[in-house]
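Geometric and topological summary
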Amino acid sequence: MFFSVVIPTYNRKPILEKCLKALEAQSLSQNTVVTDYEIVLVDDGSTDGTLEWLSTHNSDFPHVRTFEQAHMGPAAARNSGVEKAKGDIIIFIDSDLVVTEVFLQAHADALTQGQKKLGNDRFFTYGAVINTANFENPTSEPYKLTDYSAAFFATGNVAIPKHWLEKAGLFDTGFQLYGWEDLELGVRLKNLGLELIKCPEAVGYHWHPAFNLEQIPNLIDKEIQRGRMGVLFYQKHPTWNVRMMIQMTWLHRLLWGVLSLNGTLNERTMAPLLRRLIKSGKPQLALEVARIFLNWYNVQGVYAAYMEAKKEQKFS
C-alpha cells in the first residue's frame, strides 16, 4: 500500500502545525504492507500565512506536498487532493485533527484484515475521532459519549481505495455551504456496495476552541447553512434515511420545537445559564445545552430551504 493522506485546510495554521508534525512522526512496523506515504495538503485560499509558513518550514515536513486553490470549499479541495494523490489508498483527515503515532499502521492493519475477511477491497476503514479543546496536549483527551458517530462515511478519519472514490464521482462541489458533502458521497459509495470496517485503533483528536458565547452567531449560521445543504442532499437522494439524517421530519420539528419552547429558549434567553456554566469550568456542558436552540435553528433552516426549493420547482 502507498498512502496519500489528503488534507484540505483554510486558515488553521496553529493546529495545522500539530496535525502535520503528528503525521511526520508515524511509527510503521518492519513487516508493514505500507511501502510509503505522502501528505497531500490543499490550501483552500488561506489568508493567515499558511503557505508562507509551509514554505519556510518545508524541511520539517518531508512527506508533505502542498497545493493551493482559490477559496472553493472542502469538497473541491478534497477532489483536488485525490486527483493529485500518488497513492492507491486515500486517507482523509481534517487539518484540525492530531493523530497518534500508530495511526497509519492501524489503518493498514484494518485494511489488510478487511481484504482477508471479504476477499476484495469493496470497503473502507473508519477510525475514531475524539473531540478536544486541549490545544497544548490534544491527544490526552479521553473518549466521551458525545464523540460517538453513527455516520457511514465521514472525512474526519477514513481510509479508502482511490479507485472507489473515482468510480463514485468524488465529492459534489455543489455543496458550497457548510455540511453534508462527505455523507452524500457516502450514500453513493454505499450504493456501490462498499462496507464500513471500523478501526478504533486509528485515533484522531479533533481540536476546536472551548465553547464561549462569542462563537454562537457563527454556530447558528453553520446550522442554517447545514439546513440548506441538507435539502440539497435530500434532492439528490430522496429517501427516508436522508430525511432522518438532515432532521427533515415531523419528529425533529416537534422535538426541537418542544425543547426550545418554539424558539423561546434561544441564544438571548439562555445566555445567562450558558455564561454560568462556562465560568464554572463546564464549556462542553454549555455547548450541549446550546444545542437545544442550535438544532431548532437547523430544523428551521431545513424547512425554509425546502419550501424555497419547492417554489423554484413550481415556477421553473
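Residues numbered from 1 in each chain as written. Predicted model: local features only at pLDDT ≥ 70, side-chain atom pairs only at ≥ 80, totals over all residues. Heavy atoms only, no water.

Here's the deal with the packing of aromatic side chains
Going through the model one piece at a time under the given rule, you end up with eight aromatic pairs. Plain terms: the ring middles of Trp 180 and Phe 233 are 5.7 Å apart, the flat faces sit at 40 degrees to each other, and that makes the pair tilted. Of this pair, Trp 180 sits in the loop between helix 5 (162-168) and helix 6 (181-191) while Phe 233 sits in helix 7 (residues 216-236), and the two are 53 residues apart along the sequence. Both rings, one in Tyr 234 and one in Tyr 306, keep their centres 6.4 Å apart while their planes meet at 70 degrees; by these two values the pair is edge-to-face. A residue pair is termed long-range when its members are at least 10 positions apart, and Tyr 234 in helix 7 and Tyr 306 in helix 11 (residues 283-315) qualify at 72 residues. For Tyr 234, a relative accessible area of 15% gives the class buried. Among the aromatic residues, ring-to-ring pairing joins Phe 124, Phe 152 and Phe 153 into one connected group. Seen from the ring of Phe 135, Lys 18 lies directly overhead, with NZ or CZ sitting 4.8 Å from the centre. (Phe/Tyr/Trp six-rings, centres within 6.5 Å; stacked < 30°, edge-to-face > 60°. Helix = DSSP H or I, 4+ residues; strand = E, 2+ residues; numbered from the N terminus. Buried < 20%, exposed > 50% of the residue type's maximum accessible area, 1.4 Å probe, protein only. Lys NZ or Arg CZ within 6 Å of the ring centre and 35° of its normal.)

Thoughts on the environment of Leu 170
Tracing the backbone through its elements, the reader meets Leu 170 in the loop between helix 5 and helix 6. For Leu 170, a relative accessible area of 11% translates into the label buried. For the pair formed by Leu 170 and Arg 78, sequence separation is 92 residues and the distance between their alpha carbons is 8.5 Å. For Leu 170, the contacting residues outside a window of four places in its chain are Asn 79, Val 82, Glu 83, Leu 165, Leu 185 and Arg 188. (Contact = heavy atoms within 4.5 Å.)

Structural notes on a nonpolar patch on the surface
A cluster of nonpolar side chains, namely Trp 250, Leu 251, Leu 254 and Val 258, defines an oily patch on the protein surface of about 440 Å² accessible area. On the secondary structure map, Leu 251 appears in helix 9 (residues 250-259). Leu 251 gets classed as partly exposed once you look at its relative accessible area, which sits at 42%. (Patch = residues over 30% accessible without salt bridge, like charges linked within 9 Å, V, L, I, M, F, W, Y side chains within 5 Å. Areas by Shrake-Rupley, 256 points an atom, 1.4 Å probe, with all protein chains shown as cover. Salt bridge = Lys/Arg side-chain N within 4 Å of Asp/Glu carboxyl O.)

Section: the pairing of strand 2 (residues 36-43)
For strand 2, the tally of buried residues reaches seven of eight residues, placing the bulk of the element in the interior. Pairing of strand 1 (residues 2-9) with strand 2, which is carried by eight bridges, proceeds in the parallel orientation. By the bridge assignment for strand 2, Ile 7 is matched with Leu 41. Each parallel crossover has a hand, and the one from strand 1 via helix 1 (residues 13-24) to strand 2 is right-handed. Here strand 2 runs beside strand 3 (residues 64-68); their pairing, made up of five bridges, is parallel. Among the inter-strand pairings, Ile 39 is bridged to a residue of strand 3, identified as Val 64. (Pairing = 2+ DSSP bridges. Right-handed = clockwise from strand over helix to strand, strands pointing away.)

As for the environment of Val 242
Within the secondary structure, Val 242 sits in helix 8 (residues 240-245). What makes Val 242 buried here is its relative accessible area of 2%. In the structure, Val 242 is positioned 12 residues away from Gly 230 in sequence and 8.4 Å away in space, judged by C-alpha atoms.

Re the confidence of the model for the chain
Chain-level statistics for the chain give a pLDDT mean of 95 and a share of 99% at 70 or above. For the chain, helix 11 is the element with the lowest average pLDDT, namely 92, and strand 4 (residues 89-93) is the one with the highest, namely 98. (pLDDT = per-residue confidence, 0-100.)

As for the side chain of His 237
Inspection of the secondary structure puts His 237 in the loop between helix 7 and helix 8. Separated by 2.7 Å, the side chains of His 237 and Glu 184 make a polar contact. Discounting chain neighbours no more than four positions away, the residues touching His 237 are Glu 184, Val 187, Arg 188 and Val 242. (Polar contact = N/O pair within 3.5 Å; in protein donor to acceptor, adjacent residues only side chain to side chain.)

Comments concerning helix 6
Where burial is concerned, most of helix 6 is hidden: nine out of the 11 residues are buried. Contact partners of the buried residues in helix 6: helix 3 (74-84), strand 7 (157-161), helix 5, helix 7 and helix 8. Positive backbone phi, at 95 degrees, marks Gly 193, one or two positions downstream of helix 6.

Things to note about unusual backbone geometry
A positive phi angle is found at Gln 247, which is not glycine, with a value near 65 degrees. Looking at the secondary structure, you find Gln 247 in the loop between helix 8 and helix 9. Classification of Gln 247 as buried rests on a relative accessible area of 9%. Of note in the backbone geometry, Asn 262 takes a positive phi value of approximately 55 degrees without being a glycine. Topologically, Asn 262 is positioned in the loop between helix 9 and helix 10 (271-279).

Section: the pattern of salt bridges
Taken as a whole and assessed by the stated rule, the structure comprises 14 salt bridges. Put simply, Glu 17 and Lys 21 hold a salt bridge, and the shortest N to O gap is 3.0 Å. Of this pair, Glu 17 and Lys 21 both sit in helix 1, four residues apart, which is roughly one turn of the helix. Relative accessible area serves as the criterion here: at 29%, Glu 17 is assigned to the partly exposed category. Lys 21 gets classed as partly exposed once you look at its relative accessible area, which sits at 47%. For Glu 141, the salt bridge identified is with Lys 144, shortest N-O distance 3.2 Å. Beyond isolated ion pairs, a larger network of salt bridges with shared partners links Asp 172, Glu 184, Arg 188 and Lys 236.

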